[in-house]
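If you want the building blocks of each chain, they are given just below.
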Number of protein chains: 2
Amino acid sequence: MLSKTAEYALRATIYIALKGSEDNKLGIEEIAKGIDSPRSFTAKILQLLTQNNRVISSVRGPNGGFYLTDRARKLPVKAILAAVEEENVITKCVLGLKECSETRPCPMHTQYKNIKKQLKQMFEKTAIQQLVDEFNKGNYFIDNLKGVRKPC
Amino acid sequence: MLSKTAEYALRATIYIALKGSEDNKLGIEEIAKGIDSPRSFTAKILQLLTQNNRVISSVRGPNGGFYLTDRARKLPVKAILAAVEEENVITKCVLGLKECSETRPCPMHTQYKNIKKQLKQMFEKTAIQQLVDEFNKGNYFIDNLKGVRKPC
DNA sequence: GTAAAAAAGGACACAAATATCCTTTTTTAA
DNA sequence: TTAAAAAAGGATATTTGTGTCCTTTTTTAC
Ligand code: FES
Ligand code: FES
(Lines give C-alpha, C1' and ligand atoms only; values in the text may rest on other atoms or scores of the structure.)
(Ligands and ions follow the chains in the order given, each with its own letter.)
Protein backbone atom coordinates (compact mmCIF):
# COMPACT_ATOMS: atom_id res chain seq x y z
CA MET A 1 0.00 0.00 0.00
CA LEU A 2 2.48 2.63 1.15
CA SER A 3 6.25 2.75 0.71
CA LYS A 4 8.60 2.38 3.66
CA THR A 5 9.32 6.07 3.26
CA ALA A 6 5.67 6.97 3.74
CA GLU A 7 5.25 4.52 6.60
CA TYR A 8 8.22 5.95 8.49
CA ALA A 9 7.04 9.48 7.71
CA LEU A 10 3.66 8.74 9.26
CA ARG A 11 5.02 6.93 12.28
CA ALA A 12 7.72 9.54 12.92
CA THR A 13 5.32 12.44 12.66
CA ILE A 14 2.84 10.80 15.00
CA TYR A 15 5.64 10.00 17.45
CA ILE A 16 6.92 13.57 17.42
CA ALA A 17 3.44 14.96 17.88
CA LEU A 18 2.91 12.50 20.68
CA LYS A 19 6.04 12.94 22.73
CA GLY A 20 7.45 16.28 21.67
CA SER A 21 6.59 19.95 21.97
CA GLU A 22 8.22 23.29 21.30
CA ASP A 23 10.03 23.11 24.63
CA ASN A 24 10.69 19.39 24.51
CA LYS A 25 12.17 18.78 21.11
CA LEU A 26 13.06 15.24 20.13
CA GLY A 27 16.33 14.05 18.60
CA ILE A 28 16.54 11.74 15.63
CA GLU A 29 18.02 9.03 17.82
CA GLU A 30 15.01 8.91 20.08
CA ILE A 31 12.54 9.14 17.23
CA ALA A 32 14.08 6.26 15.28
CA LYS A 33 14.14 4.11 18.40
CA GLY A 34 10.60 5.13 19.30
CA ILE A 35 9.15 4.02 15.98
CA ASP A 36 11.61 1.18 15.32
CA SER A 37 13.04 2.55 12.07
CA PRO A 38 16.54 2.98 10.56
CA ARG A 39 18.04 6.13 12.02
CA SER A 40 19.76 7.78 9.05
CA PHE A 41 17.03 6.93 6.61
CA THR A 42 14.47 8.39 8.96
CA ALA A 43 16.58 11.54 9.24
CA LYS A 44 16.38 11.95 5.46
CA ILE A 45 12.63 11.57 5.55
CA LEU A 46 12.29 14.16 8.31
CA GLN A 47 14.16 16.58 6.07
CA LEU A 48 11.38 16.20 3.51
CA LEU A 49 8.80 16.83 6.18
CA THR A 50 10.51 19.99 7.43
CA GLN A 51 11.22 21.38 3.96
CA ASN A 52 8.58 20.50 1.43
CA ASN A 53 5.48 21.08 3.40
CA ARG A 54 6.45 22.28 6.81
CA VAL A 55 4.65 19.51 8.65
CA ILE A 56 7.48 19.21 11.14
CA SER A 57 9.51 22.02 12.68
CA SER A 58 13.17 21.63 13.59
CA VAL A 59 15.93 23.50 15.37
CA ARG A 60 19.64 22.75 15.18
CA GLY A 61 22.23 22.81 17.91
CA PRO A 62 22.11 21.84 21.57
CA ASN A 63 18.59 21.37 22.84
CA GLY A 64 17.53 21.30 19.22
CA GLY A 65 15.38 18.63 17.66
CA PHE A 66 12.00 18.09 16.07
CA TYR A 67 8.53 19.14 17.18
CA LEU A 68 5.10 20.00 15.80
CA THR A 69 3.44 23.38 16.06
CA ASP A 70 -0.22 23.63 16.97
CA ARG A 71 -0.87 24.61 13.38
CA ALA A 72 0.85 21.45 12.13
CA ARG A 73 -1.15 19.28 14.49
CA LYS A 74 -4.30 20.40 12.74
CA LEU A 75 -3.02 19.39 9.31
CA PRO A 76 -4.59 16.33 7.71
CA VAL A 77 -2.59 13.12 7.57
CA LYS A 78 -2.56 13.63 3.83
CA ALA A 79 -0.09 16.49 4.35
CA ILE A 80 2.46 13.90 5.47
CA LEU A 81 1.87 11.84 2.34
CA ALA A 82 2.15 14.98 0.25
CA ALA A 83 5.55 15.79 1.75
CA VAL A 84 6.91 12.42 0.64
CA GLU A 85 5.05 12.56 -2.67
CA GLU A 86 2.78 9.65 -2.07
CA GLU A 87 -0.66 11.20 -2.34
CA ASN A 88 -1.26 9.21 -5.49
CA VAL A 89 -2.55 6.18 -3.55
CA ILE A 90 -5.81 8.04 -3.31
CA THR A 91 -6.04 8.89 -6.99
CA LYS A 92 -4.52 5.99 -8.90
CA CYS A 93 -6.33 3.35 -10.95
CA VAL A 94 -6.16 0.00 -9.18
CA LEU A 95 -5.17 -1.69 -12.45
CA GLY A 96 -2.50 0.91 -13.16
CA LEU A 97 -4.14 2.76 -16.04
CA LYS A 98 -2.67 6.22 -16.46
CA GLU A 99 -5.90 7.89 -15.47
CA CYS A 100 -8.70 6.81 -13.20
CA SER A 101 -11.90 8.41 -14.43
CA GLU A 102 -15.58 7.87 -14.89
CA THR A 103 -15.26 8.45 -18.61
CA ARG A 104 -12.57 5.84 -19.09
CA PRO A 105 -13.02 3.36 -16.25
CA CYS A 106 -11.29 0.01 -15.90
CA PRO A 107 -13.38 -3.09 -15.11
CA MET A 108 -12.64 -2.73 -11.39
CA HIS A 109 -13.35 0.98 -11.24
CA THR A 110 -16.95 0.76 -10.10
CA GLN A 111 -16.01 -1.37 -7.12
CA TYR A 112 -12.74 0.32 -6.33
CA LYS A 113 -13.89 3.92 -6.47
CA ASN A 114 -15.90 3.48 -3.32
CA ILE A 115 -12.89 2.14 -1.44
CA LYS A 116 -10.71 4.91 -2.80
CA LYS A 117 -13.20 7.48 -1.63
CA GLN A 118 -12.94 6.17 1.90
CA LEU A 119 -9.16 6.09 1.74
CA LYS A 120 -9.22 9.69 0.56
CA GLN A 121 -11.54 10.68 3.38
CA MET A 122 -9.42 8.93 5.95
CA PHE A 123 -6.30 10.80 4.90
CA GLU A 124 -8.02 14.14 4.33
CA LYS A 125 -10.42 14.29 7.23
CA THR A 126 -8.12 12.93 9.91
CA ALA A 127 -5.90 15.53 11.55
CA ILE A 128 -2.51 14.51 12.90
CA GLN A 129 -3.66 15.47 16.39
CA GLN A 130 -6.58 13.07 16.11
CA LEU A 131 -4.15 10.18 15.80
CA VAL A 132 -2.36 11.42 18.90
CA ASP A 133 -5.67 11.54 20.73
CA GLU A 134 -6.50 8.04 19.53
CA PHE A 135 -3.13 6.81 20.76
CA ASN A 136 -3.65 8.46 24.12
CA LYS A 137 -6.83 6.52 24.68
CA GLY A 138 -4.36 3.77 25.53
CA ASN A 139 -3.36 0.40 24.10
CA TYR A 140 -2.27 1.72 20.75
CA PHE A 141 1.18 1.15 19.33
CA ILE A 142 3.55 2.76 16.91
CA ASP A 143 6.54 0.41 17.08
CA ASN A 144 7.29 -3.29 16.82
CA LEU A 145 8.56 -3.96 20.33
CA LYS A 146 7.34 -7.18 21.79
CA GLY A 147 5.36 -7.40 24.99
CA VAL A 148 2.88 -5.00 26.44
CA ARG A 149 3.91 -1.40 26.54
CA LYS A 150 2.59 1.22 28.90
CA PRO A 151 0.75 3.84 26.93
CA CYS A 152 2.27 7.29 27.40
CA MET B 1 -1.22 0.44 -3.95
CA LEU B 2 -0.12 -2.41 -6.19
CA SER B 3 3.22 -3.02 -7.90
CA LYS B 4 3.57 -2.80 -11.67
CA THR B 5 3.92 -6.58 -11.62
CA ALA B 6 0.53 -6.99 -9.98
CA GLU B 7 -1.08 -4.38 -12.21
CA TYR B 8 0.16 -6.08 -15.39
CA ALA B 9 -0.84 -9.46 -13.97
CA LEU B 10 -4.39 -8.26 -13.42
CA ARG B 11 -4.70 -6.49 -16.75
CA ALA B 12 -3.15 -9.38 -18.69
CA THR B 13 -5.36 -11.98 -17.07
CA ILE B 14 -8.47 -9.93 -17.71
CA TYR B 15 -7.41 -9.37 -21.31
CA ILE B 16 -6.79 -13.06 -21.89
CA ALA B 17 -10.10 -13.99 -20.30
CA LEU B 18 -11.77 -11.36 -22.43
CA LYS B 19 -10.36 -12.08 -25.86
CA GLY B 20 -9.02 -15.61 -25.63
CA SER B 21 -10.37 -19.13 -25.32
CA GLU B 22 -9.08 -22.67 -25.57
CA ASP B 23 -9.39 -22.55 -29.34
CA ASN B 24 -8.32 -18.96 -29.72
CA LYS B 25 -5.15 -18.67 -27.71
CA LEU B 26 -3.43 -15.32 -27.48
CA GLY B 27 0.27 -14.61 -28.05
CA ILE B 28 2.38 -12.49 -25.74
CA GLU B 29 2.74 -9.87 -28.47
CA GLU B 30 -0.98 -9.29 -28.70
CA ILE B 31 -1.47 -9.35 -24.95
CA ALA B 32 1.23 -6.78 -24.25
CA LYS B 33 -0.16 -4.50 -26.96
CA GLY B 34 -3.70 -5.05 -25.72
CA ILE B 35 -2.94 -3.92 -22.20
CA ASP B 36 -0.18 -1.46 -23.08
CA SER B 37 2.62 -3.11 -21.12
CA PRO B 38 6.27 -4.03 -21.77
CA ARG B 39 6.31 -7.27 -23.72
CA SER B 40 9.15 -9.28 -22.15
CA PHE B 41 8.34 -8.22 -18.63
CA THR B 42 4.76 -9.23 -19.16
CA ALA B 43 5.94 -12.61 -20.46
CA LYS B 44 7.79 -13.17 -17.18
CA ILE B 45 4.70 -12.33 -15.21
CA LEU B 46 2.57 -14.72 -17.25
CA GLN B 47 5.05 -17.45 -16.34
CA LEU B 48 4.21 -16.85 -12.67
CA LEU B 49 0.52 -17.05 -13.46
CA THR B 50 0.86 -20.31 -15.37
CA GLN B 51 3.17 -21.95 -12.82
CA ASN B 52 2.52 -20.85 -9.28
CA ASN B 53 -1.21 -20.98 -9.18
CA ARG B 54 -2.46 -22.11 -12.54
CA VAL B 55 -4.59 -19.08 -13.16
CA ILE B 56 -3.58 -19.01 -16.79
CA SER B 57 -3.10 -21.97 -19.13
CA SER B 58 -0.55 -21.98 -21.93
CA VAL B 59 0.52 -24.08 -24.88
CA ARG B 60 3.78 -23.77 -26.82
CA GLY B 61 4.42 -23.99 -30.53
CA PRO B 62 2.44 -22.81 -33.54
CA ASN B 63 -1.12 -21.89 -32.64
CA GLY B 64 0.00 -21.91 -29.05
CA GLY B 65 -0.57 -19.09 -26.61
CA PHE B 66 -2.43 -18.22 -23.45
CA TYR B 67 -6.03 -18.79 -22.42
CA LEU B 68 -8.22 -19.29 -19.35
CA THR B 69 -10.15 -22.42 -18.55
CA ASP B 70 -13.69 -22.18 -17.29
CA ARG B 71 -12.39 -23.26 -13.91
CA ALA B 72 -9.90 -20.38 -13.89
CA ARG B 73 -12.56 -17.87 -14.83
CA LYS B 74 -14.34 -18.68 -11.59
CA LEU B 75 -11.27 -17.98 -9.46
CA PRO B 76 -11.30 -14.84 -7.35
CA VAL B 77 -9.17 -11.89 -8.44
CA LYS B 78 -7.14 -12.57 -5.34
CA ALA B 79 -5.76 -15.69 -7.03
CA ILE B 80 -3.94 -13.39 -9.46
CA LEU B 81 -2.43 -11.42 -6.59
CA ALA B 82 -1.45 -14.65 -4.89
CA ALA B 83 0.42 -15.80 -8.00
CA VAL B 84 2.59 -12.70 -7.93
CA GLU B 85 2.85 -12.76 -4.14
CA GLU B 86 1.04 -9.55 -3.47
CA GLU B 87 -1.83 -10.63 -1.30
CA ASN B 88 -0.33 -8.73 1.61
CA VAL B 89 -2.09 -5.49 0.60
CA ILE B 90 -5.13 -6.91 2.29
CA THR B 91 -3.39 -7.86 5.52
CA LYS B 92 -0.71 -5.23 6.16
CA CYS B 93 -0.74 -2.45 8.75
CA VAL B 94 -1.15 0.92 7.04
CA LEU B 95 1.68 2.36 9.15
CA GLY B 96 3.95 -0.58 8.39
CA LEU B 97 3.96 -2.30 11.77
CA LYS B 98 4.99 -5.92 11.47
CA GLU B 99 1.56 -7.16 12.50
CA CYS B 100 -1.87 -5.65 12.08
CA SER B 101 -4.02 -6.87 14.93
CA GLU B 102 -6.75 -5.90 17.33
CA THR B 103 -4.51 -6.63 20.28
CA ARG B 104 -1.69 -4.39 19.10
CA PRO B 105 -3.32 -1.78 16.88
CA CYS B 106 -1.68 1.35 15.47
CA PRO B 107 -3.47 4.69 15.83
CA MET B 108 -4.95 4.37 12.34
CA HIS B 109 -6.07 0.78 12.76
CA THR B 110 -9.64 1.49 13.79
CA GLN B 111 -10.26 3.56 10.69
CA TYR B 112 -8.20 1.50 8.30
CA LYS B 113 -9.51 -1.92 9.21
CA ASN B 114 -12.85 -1.13 7.67
CA ILE B 115 -11.25 -0.11 4.40
CA LYS B 116 -9.06 -3.18 4.42
CA LYS B 117 -12.07 -5.37 4.94
CA GLN B 118 -13.66 -3.96 1.81
CA LEU B 119 -10.46 -4.37 -0.17
CA LYS B 120 -10.30 -7.97 0.97
CA GLN B 121 -13.90 -8.57 -0.03
CA MET B 122 -13.37 -6.98 -3.43
CA PHE B 123 -10.45 -9.27 -4.22
CA GLU B 124 -11.97 -12.39 -2.69
CA LYS B 125 -15.58 -12.12 -3.79
CA THR B 126 -14.99 -10.95 -7.33
CA ALA B 127 -14.39 -13.71 -9.85
CA ILE B 128 -12.22 -13.05 -12.88
CA GLN B 129 -15.21 -13.72 -15.12
CA GLN B 130 -17.15 -10.99 -13.35
CA LEU B 131 -14.62 -8.44 -14.52
CA VAL B 132 -15.01 -9.74 -18.06
CA ASP B 133 -18.77 -9.39 -17.75
CA GLU B 134 -18.35 -5.87 -16.40
CA PHE B 135 -16.09 -5.00 -19.33
CA ASN B 136 -18.57 -6.42 -21.79
CA LYS B 137 -21.28 -4.08 -20.55
CA GLY B 138 -19.37 -1.61 -22.73
CA ASN B 139 -17.33 1.53 -22.18
CA TYR B 140 -14.75 -0.06 -19.97
CA PHE B 141 -11.02 0.02 -20.69
CA ILE B 142 -7.94 -1.97 -19.94
CA ASP B 143 -5.25 0.00 -21.77
CA ASN B 144 -4.02 3.57 -22.09
CA LEU B 145 -4.82 4.21 -25.73
CA LYS B 146 -6.20 7.63 -26.39
CA GLY B 147 -9.55 8.26 -27.94
CA VAL B 148 -12.71 6.27 -27.72
CA ARG B 149 -12.33 2.59 -28.28
CA LYS B 150 -15.04 0.25 -29.46
CA PRO B 151 -15.85 -2.16 -26.70
CA CYS B 152 -15.31 -5.77 -27.80
C1' DG C 1 34.86 33.03 21.20
C1' DT C 2 35.24 28.11 21.74
C1' DA C 3 33.51 23.59 22.20
C1' DA C 4 29.86 20.59 21.95
C1' DA C 5 25.31 19.21 20.22
C1' DA C 6 22.20 18.64 16.84
C1' DA C 7 20.06 18.88 12.25
C1' DA C 8 21.20 19.44 7.19
C1' DG C 9 23.37 17.88 3.32
C1' DG C 10 26.16 15.08 0.15
C1' DA C 11 28.11 10.92 -1.41
C1' DC C 12 27.85 6.41 -1.66
C1' DA C 13 26.28 1.27 -0.91
C1' DC C 14 23.04 -2.23 -1.32
C1' DA C 15 18.73 -4.37 -2.57
C1' DA C 16 14.51 -4.87 -4.99
C1' DA C 17 11.63 -3.79 -8.82
C1' DT C 18 11.33 -3.17 -13.53
C1' DA C 19 12.78 -4.22 -18.06
C1' DT C 20 15.36 -6.27 -22.10
C1' DC C 21 17.61 -9.78 -24.78
C1' DC C 22 19.04 -14.10 -26.19
C1' DT C 23 18.89 -19.19 -26.00
C1' DT C 24 16.32 -23.48 -25.28
C1' DT C 25 12.41 -26.40 -25.44
C1' DT C 26 8.04 -27.76 -27.16
C1' DT C 27 4.70 -28.13 -30.65
C1' DT C 28 2.54 -27.88 -35.05
C1' DA C 29 2.17 -27.79 -40.00
C1' DA C 30 3.93 -28.72 -44.29
C1' DT D 1 11.52 -34.92 -40.64
C1' DT D 2 12.29 -30.36 -41.02
C1' DA D 3 11.22 -25.56 -40.50
C1' DA D 4 8.80 -22.27 -38.18
C1' DA D 5 6.14 -20.59 -34.26
C1' DA D 6 5.53 -19.89 -29.72
C1' DA D 7 6.26 -20.12 -24.72
C1' DA D 8 9.90 -21.09 -21.11
C1' DG D 9 14.02 -20.00 -19.13
C1' DG D 10 18.43 -17.70 -18.11
C1' DA D 11 21.39 -13.91 -17.94
C1' DT D 12 21.91 -9.31 -17.55
C1' DA D 13 20.83 -4.21 -17.58
C1' DT D 14 18.54 -0.23 -15.67
C1' DT D 15 16.06 2.30 -12.36
C1' DT D 16 14.10 3.12 -8.02
C1' DG D 17 13.79 2.42 -3.16
C1' DT D 18 16.09 1.71 1.00
C1' DG D 19 19.82 2.44 3.94
C1' DT D 20 24.57 4.08 5.79
C1' DC D 21 28.28 7.22 6.65
C1' DC D 22 30.73 11.28 6.87
C1' DT D 23 31.12 16.32 6.51
C1' DT D 24 29.04 20.89 7.03
C1' DT D 25 26.24 24.28 9.11
C1' DT D 26 23.71 26.19 12.84
C1' DT D 27 22.91 26.95 17.57
C1' DT D 28 23.58 26.92 22.44
C1' DA D 29 26.14 26.84 26.80
C1' DC D 30 30.11 27.84 29.09
S1 FES E 1 -10.09 3.48 -13.78
FE2 FES E 1 -9.30 1.81 -12.67
S3 FES E 1 -9.87 2.34 -10.68
FE4 FES E 1 -10.72 3.98 -11.78
S1 FES F 1 -2.27 -2.20 13.21
FE2 FES F 1 -2.02 -0.62 11.78
S3 FES F 1 -3.69 -0.99 10.46
FE4 FES F 1 -3.97 -2.56 11.93
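These numbers were taken from a predicted model, which means no experiment stands behind them.

A. Quick look at the layout of surface pockets. Residues and elements named next belong to chain B. Counted as a void, the largest pocket has a volume near 150 Å³. Lining the largest pocket, in full, are Gln 47, Thr 50, Ser 58, Val 59, Arg 60, Gly 61, Gly 64, Gly 65 and Phe 66. Among the residues making up the lining of the largest pocket, the classes are represented as two nonpolar, six polar and one charged.

B. Geometry of the pattern of salt bridges. Residue and element names in this part refer to chain A. In the structure shown here, the tally under the stated rule is 16 salt bridges over all chains. Ionic pairing is found between Glu 124 and Lys 78, a salt bridge with its closest N-O pair at 3.1 Å. Of the two residues, Glu 124 is situated in helix H6 (residues 109-125) and Lys 78 in helix H5 (residues 78-83); the sequence distance between them amounts to 46 residues. Lys 78 gets classed as partly exposed once you look at its relative accessible area, which sits at 22%.

C. Summary view of the confidence of the model for chain A. Per-residue pLDDT for chain A averages 93, and the proportion of residues at 70 or more is 95%. This stretch, residues 148-152 of chain A, has a pLDDT under 50; its non-local contacts, to residues over four places away or in other chains, come to 10 contacts.

D. Region of interest: the relation of the copies chain A and chain B. Superposing chain A onto chain B requires a rotation of 180° together with a translation of 0.0 Å along the rotation axis, leaving an RMSD of 0.1 Å. In symmetry terms, the pair is related by a two-fold rotation axis. Distance from the rotation axis, computed per C-alpha, reaches its smallest value in chain A at Met 1 of chain A: 2.1 Å. The residues that chain A uses at the interface reappear at the interface of chain B in 100% of cases, marking a shared surface.

E. Geometry of the interface of chain A and chain B. The interface is formed by 43 residues belonging to chain A together with 43 residues belonging to chain B. Of the roughly 4000 Å² buried where chain A meets chain B, counting both sides, 59% is carbon and sulfur surface. Among the residues of chain A in contact with chain B, Met 1, Arg 104 and Pro 107 of chain A are the three that bury the most area, contributing 19% of the side total. Residue Lys 92 of chain A is joined to Glu 7 of chain B by a salt bridge in which the shortest nitrogen-to-oxygen separation is 2.7 Å. Counting across the chain A and chain B interface gives 17 residue pairs in polar contact (both at pLDDT 80 or more). Elements with a minimum of two residues in the side of chain A that touches chain B: helix H1 (4-19), H6 and helix H7 (128-136) of chain A. Per element, the largest residue contribution to the side of chain A that touches chain B is nine residues, and it comes from H6 of chain A.

Calculation rules
Residues numbered from 1 in each chain as written. Chains lettered and ligands numbered in written order. Predicted model: local features only at pLDDT ≥ 70, side-chain atom pairs only at ≥ 80, totals over all residues. Heavy atoms only, no water. 1 Å grid on protein atoms, 1.4 Å probe; cavity = no way out; pocket = protein on both sides within 12 Å on 5 of 7 lines; lining within 4 Å. Points joined across faces, edges and corners; volume = space filled by probe spheres on them. Nonpolar A, V, L, I, M, F, W, Y, C, P; charged D, E, K, R; others polar. Salt bridge = Lys/Arg side-chain N within 4 Å of Asp/Glu carboxyl O. Helix = DSSP H or I, 4+ residues; strand = E, 2+ residues; numbered from the N terminus. Buried < 20%, exposed > 50% of the residue type's maximum accessible area, 1.4 Å probe, protein only. pLDDT = per-residue confidence, 0-100. Contact = heavy atoms within 4.5 Å. Least-squares fit on C-alpha atoms with pLDDT ≥ 70 in both. Buried area = accessible area lost by both parts, 1.4 Å probe. Polar contact = N/O pair within 3.5 Å; in protein donor to acceptor, adjacent residues only side chain to side chain.

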